[in-house]
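Listed below, chain by chain, are the residues.
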Amino acid sequence: MANHLSSHEIRGRFCRAMSEMYRLEVPLYGNLMELVRDVNDSVLARDPDLKTRLKALGNLERISEERHGAIRLGKPGELATIRQLFAVMGMEPVGYYDLSVAGIPVHSTAFRPTDGEALKQSPFRVFTSLLRIDLIEDEALRAEAEAILARRDIFTPGVRALIDKHEDEGGLNETDAEAFIIEALETFRWHSDATVSEATYKKLHDAHRLIADVVSFKGPHINHLTPRTLDIDEVQSMMPERGITPKAVIEGPPPRACPILLRQTSFKALEEQIAFLGKNGERVTGHHTARFGEIEQRGVALTPKGRKLYDELLDKARGLAQPKADGSNAADYMAALSEVFAPLPDDYEALRAEGFAYFHYFLTEEGKAAPDGLSNDIDMLVARGYVGFDPLVYEDFLPVSAAGIFQSNLGDNLASDSLAGSNRAVFEEALGVAVRDEFSLYQSLQDASIDAVMARVASARA
Ligand code: OOG
Ligand code: NI
């Protein structure tokens, strides 16, 4: 047999290799990882219930390994190939995010593992954006950007060959997988040599800072890696004493006893030295800011009903106090957020009973011991204590939060006027497939857990 490595194994190894590369590139990321580890250890020590729950879900080991990254691509063909590259690691495009509504000329998806076992093994995700080149208004500049991008290939010949081999043979063996990781990493590496002159960079930068970041370099350098913390408020408050300056407010829902969705905060992008292309091929020193650090805290995934309420409440809070980049109204904004979110119950049983969130169901010890009188109504089984439930972790991203993260690392004074409307069909055409629907993925995880409970109930009755 071919002795193929599992996609989980390749993904886990790639994630560790990427983390190591980024730590060497951006040492502050290493400090942030240490801080997150320290806080996570102390949260688990003071909250044994949380520890037990994470363990029961098989999620304890994944916490310190867990992270997401982000890249920004320039042309449709790059998106098509990156999809094949991520497929080697069992990562599929989930969700469509239109950032143009926040004045950012990209649209995005998240490549991530989708089934329960894969998520347990290694939940690595990459938020992947594609430049909306159609949103460059100046025709000459748009043509120039297209010509610059047309000249680059962000993939090594080696990785292309291994992607093909994976497609032909249905997997990669140890040697090929190791080679794949080394070759694939090249696409994500930082290159301080710009491929453009200072004058061109300036024009691109004036059109939008993000356009300069995407177009001026050899590849889509990973722009941040985000470890998962169990207490984001604590990490945020400890960042300054570790020499890290956080953005003004934490994106997403307010702090809660039962966390929902995703809360995120980042540290500002670093100013880095780069070299522009001079007139006679010489190098001209310049600067570029793009790479930063971020942390996230993940909570329970919400159903469409829960998500609708979340979106409404967030809108309402932002209507009361729009968070300012300089942080001057951070306290007002956080207060508005906490107040406005009161209608969303902060209690897992209520979130479950009202159909706001997704859960993993399991037979309790009482349920296993009491085969008689079990009904096949899940709510009844829960009410009798025969079946328990644990929150399913939200594995995706939030467009308003993502816009806040983009804005803080692109420079806070960016205009946020809405650009032309969303263009999902164009994105999916470039990708080569339709993105998967996040809600149906959570629904299937929940359904599978209910089916497993019902199968046990049925066999106990028989
Ligand atoms: C991506 C920003 C969005 C998140 O976690 O929401 C993001 C980027 O800056 O390229 O990473
Ligand atoms: Ni991020």
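Here is what the cut-offs are and how they apply
- Residues numbered from 1 in each chain as written.
- Chains lettered and ligands numbered in written order.
- Predicted model: local features only at pLDDT ≥ 70, side-chain atom pairs only at ≥ 80, totals over all residues.
- Helix = DSSP H or I, 4+ residues; strand = E, 2+ residues; numbered from the N terminus.
- Rg over C-alpha atoms; globule rule 2.2 N^0.38 Å.
- Buried ≥ 20, exposed ≤ 12 C-beta atoms within 10 Å, placed from the backbone.
- Contact = placed C-beta atoms within 7 Å.
- Domains from an automatic or database assignment.
- Nonpolar A, V, L, I, M, F, W, Y, C, P; charged D, E, K, R; others polar.
- Near = placed C-beta within 6 Å.
- Pairing = 2+ DSSP bridges.
- Axes fitted to C-alpha atoms, helices over the stretch in contact; angles between N-to-C directions.
- Expected span 1.5 Å × (residues − 1).
- Arc of directions from axis to C-beta.

Caption draft 1: View of the overall build of the chain. Scanning the chain for helices and strands turns up 20 helices and eleven strands. By the compact-globule yardstick of 23 Å for 462 residues, the chain fits well, its C-alpha radius of gyration being 23 Å. In terms of its C-alpha atoms, the chain occupies a principal-axis envelope of roughly 85 × 60 × 40 Å. The burial tally for the chain puts 42% of its 462 residues in the buried class. Taking the contacts inside the chain whose residues are at least 6 apart along the sequence as the reference set, 73% of them involve residues at least 24 apart.

Caption draft 2: A look at the domain arrangement of the chain. Under the domain assignment used here, the chain contains domain 1 (7-301 + 392-431), domain 2 (302-356) and domain 3 (358-391 + 438-462). Between the C-alpha centres of domain 2 and domain 3 there is a distance of 30 Å. Each partner contributes residues to the interface: domain 2 has four residues there, and domain 3 has five residues. Per-class residue counts for the side of domain 2 that touches domain 3 are two nonpolar, one polar and one charged.

Caption draft 3: Here's a closer look at the site of ligand 1. Near ligand 1 you find 13 residues, and of these A70, F127, A402, I405 and F406 are the closest. Listing elements by their share of the shell around ligand 1, those giving two or more residues are β1 (67-73), β4 (125-131) and α18 (399-410). Take the shell around ligand 1: its biggest share by element is five residues, from α18. Residue composition of the shell around ligand 1, grouped by class: six nonpolar, five polar and two charged.

Caption draft 4: Quick peek at the environment of I244. Looking at where I244 falls in the secondary structure, it is placed in the loop between α12 (232-238) and β6 (262-267). With 20 C-beta atoms counted inside 10 Å, the residue I244 sits in the buried group. Spatially, the C-alpha atoms of I244 and E312 are 33 Å apart, while their sequence positions differ by 68 residues. Those residues in contact with I244 that lie beyond four places of it in its chain are L28, N31, L32, M239 and F267.

Caption draft 5: Inspection of the sheet that holds strand β2 (residues 92-98) at higher detail. Sheet architecture is open: five strands sit in the order β2-β3-β4-β1-β5, paired in mixed fashion. Either end of the sheet is taken by a strand with one partner, and the two such strands are β2 and β5 (224-227). Each strand axis lies, on average, 20° off the axis of its neighbour in the sheet, ignoring direction.

Caption draft 6: Geometry of helix α8 (residues 157-169). When the terminal C-alpha atoms of α8 are compared, their 18 Å separation across 13 residues agrees well with the 18 Å that a helix rising 1.5 Å per residue should span. Among all positions in α8, only V159, L162, I163 and H166 are buried. Looking straight down α8, one finds its buried side chains confined to an arc of 105°; they lie on one side. Residues of α8 that are exposed and point over 90 degrees away from its buried face: P157, D164, D168 and E169. Packing partners of the buried residues in α8 comprise α5 (76-88) and α9 (174-188). Immediately beyond the C-terminal end of α8, within one or two residues, lies G170, with a positive phi of roughly 75°.

Caption draft 7: Structural detail: α9. In this model, α9 (15 residues) spans 22 Å end to end at C-alpha, consistent with the 21 Å of a helix rising 1.5 Å per residue. Of all the positions in α9, only D176, A177, F180, I181, A184, T187 and F188 are classed as buried. For α9, the arc enclosing every buried residue in end-on projection is 140°, short of the 170-degree limit, so these residues lie on one face. For α9, the elements touching its buried residues are α1 (7-25), β1, α5 and α8.

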